[in-house]
Every structure is written in C-alpha cells, then in structure tokens.
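Secondary and tertiary structure notes
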Protein chains: 2
Amino acid sequence: MAKQKRVTSYDVAREAGVSQSAVSRVFRPGFSVSEKTRTKVLDTAKKMGYKPNAIARMLITQQSGMIAVIVSSRANVNYPEVLSQLNKYIAQQNKRVLLFTLDSADDLAGLLENIWTYQVDGVIALAAHFEQSSLEQLEQHQIPVVLYNRNVPDANVNSVCCSHERGIKQLINILHEGNHKSYLVIAGPTDSDVANERRDIACQYLKQLGHDNVPVVYGDYSYESGRKAFAKWTGANGVPDAVICSNDIMAIGVIDEAKEHMSISVPDDLSVVGFDGVSPAAWFSYQVTTIRQPLDQLTKAAVDILMERINNPDSPPETRVLTGALIEGNSTKPRQ
Amino acid sequence: MAKQKRVTSYDVAREAGVSQSAVSRVFRPGFSVSEKTRTKVLDTAKKMGYKPNAIARMLITQQSGMIAVIVSSRANVNYPEVLSQLNKYIAQQNKRVLLFTLDSADDLAGLLENIWTYQVDGVIALAAHFEQSSLEQLEQHQIPVVLYNRNVPDANVNSVCCSHERGIKQLINILHEGNHKSYLVIAGPTDSDVANERRDIACQYLKQLGHDNVPVVYGDYSYESGRKAFAKWTGANGVPDAVICSNDIMAIGVIDEAKEHMSISVPDDLSVVGFDGVSPAAWFSYQVTTIRQPLDQLTKAAVDILMERINNPDSPPETRVLTGALIEGNSTKPRQ
DNA sequence: ATAAATAATGACTTCGAATGCAATAATCAA
DNA sequence: TTGATTATTGCATTCGAAGTCATTATTTAT
C-alpha cells in the first residue's frame, strides 16, 4: 500500500537496457524502431506498468489533445445534450473535452486567457456572445474556434448552426396558409443571441406577410415562463389564433396552460408552434408542430470543422448551416 | 498577423530585469516577494501578455487541477444535467472537468490507465460499473474517486447516492395503502446497476407487503420503451391497478399510452409512479407521483467529498446517502 | 567483398514553470 | 556601528517525454 512511484520512460529504458529515446519512439506512431527493441520495450513497459505521461507530452509537443468547450453557467435547456454529443465525437477523434463555464459575458476575455494557458488544440463555444475582438484574441494564439449555433455577422469565424430563418418561415407559412389572423410571439431571454434572432425572424416574416405589429412577450425558455407569459397576455388581451414560441418547452407550457386554465382547445381554438424538436415535443400529450434541430449533424459538423482547422490551420473560415426538419404535429390546424 | 510566439517566464524576467524564479513566485500565492518586484513583474507581464503555462505547471507540481468525469457513452437520460451541475461546482473549486467517455464496460481498465496519464486530481464516475479491482487500480495511483449514484457493496469507496430504497418504499406505500392489488414493474436496462437496484427493491418490498410474483417487464428508460412495454404487457395480461416505473420518462410513456390507445384513465383506473423527479414529470399533462432526486445536493456532495480527499488523502472513505423528496402528483389515487 | 544507402540507436537538449538551497539585501536590537 | 535575524533574490535542478543530430548497425547494390 506504499505510495506507488510514477514509472518514467527512463525507468523502462534502464530496465530494458535501451535509451530513453528508444522508449519514447516505441510509444510514438510512425517512428523507426527495430522489432526487437519494440517488443523488449513494450514487454518491460507492461511489466512495470508504464504509460507515457500525457502532461509531459503536451508540454514538449505543444499539443494538449484537449478541446475546450465553453458552456454558459445558466445552461440553456438543451445544451447538456449538445455537450454529450460533442464529447462523443471529440472522443472519436481521440481528443478530450476540457469544460469551461462562462458565468457572465464580461468574463469572456479572462476566460479565453485561461483557456489559452491550457494549450488546447481548439475551442468550441456553445454559449458565449462572441465579439470580434474575442475572436481575434484566439486567432493571435493560433487556436481555432468553432461557434455552435451562434452567428457573428460578417466575421471570419467557423460556425455551425441550424437555419433559424428557414425553419421559422416554414412554421409561419403553415400558420399563415392555415388562415390564422392574430399572432403572439413568445420569445426567449433577450441576452441570448439565438433567442433574439428567432424573435426577429418571426416578426419580420410575419410583417412581410401582412401581419403588422405582432405582439411579443418574453420568457426564459422554461415551461413555467411559457405558461405565465401566455396566461398573462391572454388575460389582458384575449386569445390569439396562433402562438409562436421560440422553443418547444415554452410551447408545451402554453399548451398546458390552455388546457388547464382555459377552455381553449389546441389545435381547434389555438395553434402553437415551437422550435428545437426536443423529445417531449413529440410526446402524445403535446405533439408540437416544430422544427427539429439536427443535433447529431450539428455537433458532428462542429467537430469536423474544428479538426480540419487543427490539422490545417490555413483553411479559410467556414460556416455550415444545416436545415432542421419540419415536424407537423397536432398543435396546429388550419382555420375554417 | 505573424504567428505570435509564446511569452515565457524567462521573457518576462529578462524584460523586468529579474530572475525567472522571481516571476514564478509572483504568480504563486503565498510566496515571499518584495512589493517592488511584484509590481514590476506584474506590469511587464501584463504588458507582454504573459500568463503562466498551465501545462508546465502541472508537470512540475504534479497537480493538474483537472477532475476526470467518466460518463457512459450511451448516456443515461439525466446524466447531461448531472454533468452540468458537477461542472458548476468543480469550476467553483477552481478546477476543470476533463471528460471521459466509457463505451463498453470492459474498456474500464484501459480508460483508467488513460485517465491516470493526465495526472488528474480526482475522478467522479457517473456511469461505470466499478469492480473492486478497478478501484484498487486508482487507489494505487493515489487518485481519489467518488462514485455517483452507484453503490459498490462492502467496498471502501467514496460515493454519493440518492436512497432508492427509501424512495421506492414511499411510493409503494402510497399504492399499497391506496388499496392497489395488482402491480406491474417496468424496470430499466439490466446492464445498469441502478436500474437493477430499483427493480429489486420494488419487487422485494412488494413481496414483503404480500404481493407475490409481481410481473416485471423491461424498458430502456425511454418514453417509447415505457409505452411499448406497457402496451405489450396489458395487451396480453390486462390492465393492472398500478405500474411502478423505474424512471419518470417511462412513467410518462405509460400515461400517454393509456391515454391514447386505451380508454384507461390515469389515475382513476390506473396508478403510475416514476422516479427521478425530472421536470416533465411535473408538467400539467402528467403530474407524475415520483421521488425527486436532489440533484443539486448530490452533485455538490460529490464534489465536496472529492475535494476533501484531494486535500486530505488519508480521510477514510465516505458514503453520503441523500433522500429524495416525495412528490405526490396526480398519477396515483386510492382505490375505493 | 566492398562501397553506398538505409535503418536503428543513444547522447543531449528542449518544452516552461516551480522550488531547494545558498547568497545577498534589508531590518532590527543593542 | 556591529552582529544577529529575517526577508528577498538568483542559480541550478527538476518534472517526463520528444525530437535533433551524429553515430553505429544493418541491408542493398555492384
């Protein structure tokens, strides 16, 4: 039970009667070692329980094999899943995820400095509101970055995102063609870029279709906030024909609120659409009409793009926009 | 735009006219440095954009400041949230989460070797089925481990878990006292320790209360699996008085299946209980009677215990069992 | 068999910060 | 002012593996 001392490449070298360099080469792929020494080293290494120290390797190779993933501390509803997926693909590339939490937006500069000290091979940002200057900070350090579901207009950034524009227009088309007249938009938190984007797209497109001055109320993406926002607005203004929610969970809240407290039938008296395509949206009690974000492809694309920049730092920035799939549920229905 | 060279402590030392040691000491808390050199160093460091390299520091101090978190690749439903929480508390301790994925149980030994090479300060395991031997492997390397929601009987391990026993008994008491006669247990995947534990506790306690040979069918914790398991069993055997599901999501599946395909009313004709207390369980359309796992306390406890072992390696192993809160929803009702 | 080409090896340096130790400077007491 | 204490400093070494370069062993060609 004595405190095990760490076995180093020198220990193995001595024991196997070779040089430390030889041991090192055996553990690096594609280096020239004779079969004899290779087996000798591998045998003694196994016998002594030697594994190359990742930290020392990082220091000398200047490559940590780690990818920094930045998530917001007040986690957006489906980010945990995104994180899981990312981790899966990153692990497939034989790299590791090093997690960083961003508490408030103004910590970003400090956080990036911090990330940099870890010599990470790349960064994937889920939550941060990136300014151009932050990106430059990382560029200076030659660290490739991919933004997930975050568009920085006219910046040279790698990013993947689901086309909110296309998706939201599809949803609104259904409502518009279904002859809905009065609308309500329930948007997400205003400090979220994505939430603002979804809101703006909806409002603009509605206007374009002739629905001026559509009211907008705000939630925080949660079930409760959806319920309350809907209850409060309808209490004062009556029931609209259709509610456009910035995510599925709030849409579910709206549906439940209608069901519980009002004698409003969804979809007969009220149509509701969401966004994201999370699993509860498909549950029988809700069947929300929504756009499913291609989570799997999005995360895979993010990792692909990042790997490409890591292996080939001069590749130009790339934005990959994937389109979500329209899911026509049972929460919308044309008016007579 | 030229490739920025890394600023080292030597560079700062030269520029500030002091030794490298001085620079190092300025950046370590609690070391003796005169006020004059401290400011001088800090100024030039800031001017040159110097930050101590975390990797080099890890190598020399033998402390990485990283906590390995092991998650299963086929993620258990609510692990993403657990991960987020853990990350939050670990970040509070000024440490980082390094994620590791376990694909199949037999990779564990290799994975642990791998983890060890990163010199992590500690390990939190969410998913792994740990054998005593694996634990010894880490113990040899002096790396403290905390198991999350995983009991290794008569092993000296640090662990936190929610008392399944107490919770499930509470749920069953409600059903039993509510005069339910026929039961069905829908268990989780058999390769999950937690799932098996929940199943066994339910069956044993039911037996103890005089309900022999309660049938058990299996799902995989998913909504669909809950629906199908319930549909299949009732199709062949009729509707029981009560269904005990190993998690909330399957319970929700059961409720929806009853609602959709059968003219079974929950809770009038059928009582359903779940486990976990995930948010959808509280939604108006379901209101599942369940036990809420104290996620926040569990994760906090895990991190606390780990930090204690890191700072004081000789602390004896500790198991902290937290009790979940019973939530009486609207999915259960006493029989006449 | 011998020159030429190739493969394998080891000595030594490197990555960047931390720290033991000895030397020096600053402070204090008398 | 001098010696004793204490606070700062710098030198040199360390952590553990990787890679450069020159050297030696091996293979191939002639």
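This text follows the structure it describes.
Residues numbered from 1 in each chain as written. Chains lettered and ligands numbered in written order. Predicted model: local features only at pLDDT ≥ 70, side-chain atom pairs only at ≥ 80, totals over all residues. Heavy atoms only, no water.

**A word on the protein's contact with DNA strand C**
Surveying the vicinity of DNA strand C reveals 31 residues, the closest of which are A:Arg25, A:Ser32, A:Ile60, B:Ser9 and B:Arg57. Considering the 4 Å shell around the protein, atoms of DNA strand C inside it are sugar or phosphate in 62% of instances. Here a base nitrogen of DNA strand C and a side-chain polar atom of A:Arg25 are 2.8 Å apart. A:Thr37 is positioned such that a nitrogen or oxygen atom in its side chain is 2.8 Å from a phosphate oxygen of DNA strand C. Mapped onto the surface near DNA strand C, the elements with two or more residues apiece are α2 (20-26) and α4 (54-61) of chain A together with α1 (9-16), α2 (20-26) and α4 (54-61) of chain B. For the surface near DNA strand C, the class distribution of residues is 11 nonpolar, 14 polar and six charged. (Near = heavy atom within 4 Å. Polar contact = N/O pair within 3.5 Å; in protein donor to acceptor, adjacent residues only side chain to side chain. Helix = DSSP H or I, 4+ residues; strand = E, 2+ residues; numbered from the N terminus. Nonpolar A, V, L, I, M, F, W, Y, C, P; charged D, E, K, R; others polar.)

**Brief notes about unusual backbone geometry**
The omega torsion of the bond from A:Val266 to A:Pro267 falls at 10°, within 30 degrees of zero and hence cis. Considering the arrangement of structural elements, one finds A:Pro267 in the loop between α11 (248-261) and β9 (271-273). Look at B:Gln119: it is not a glycine, yet its phi comes out positive at around 55°. As for its placement among the helices and strands, B:Gln119 is situated in the loop between α6 (108-117) and β3 (122-125). The backbone of B:Asp276 sits at a positive phi, close to 125°, despite the residue not being glycine. Within the secondary structure layout, B:Asp276 lies in the loop between β9 (271-273) and β10 (290-292).

**Digging into the pattern of salt bridges**
All names here are of chain A. Counted under the stated rule, the structure contains 28 salt bridges over all chains. The partner of Lys300 in a salt bridge is Asp304, with the nearest N and O atoms 3.5 Å apart. Placement of both Lys300 and Asp304 in helix α12 (residues 295-311) is noted, with a separation of four residues, approximately one turn of the helix. On the basis of relative accessibility, which here comes to 36%, the residue Lys300 falls in the partly exposed class. Between Arg309 and Glu318 there is a salt bridge, and its shortest N-O distance comes to 2.8 Å. On the basis of relative accessible area, Arg309 is assigned to the buried category, the value being 6%. Given the relative accessible area of 24%, Glu318 is considered partly exposed. (Salt bridge = Lys/Arg side-chain N within 4 Å of Asp/Glu carboxyl O. Buried < 20%, exposed > 50% of the residue type's maximum accessible area, 1.4 Å probe, protein only.)

**Observations regarding the relation of the copies chain A and chain B**
At an RMSD of 0.1 Å, chain A and chain B line up after a rotation of 180° and a shift of 0.0 Å along the axis. Such values leave the two copies arranged in the relation of a two-fold axis. Interface residue correspondence from chain A to chain B reaches 100%, placing this contact among same-surface, isologous pairings. (Least-squares fit on C-alpha atoms with pLDDT ≥ 70 in both. Contact = heavy atoms within 4.5 Å.)

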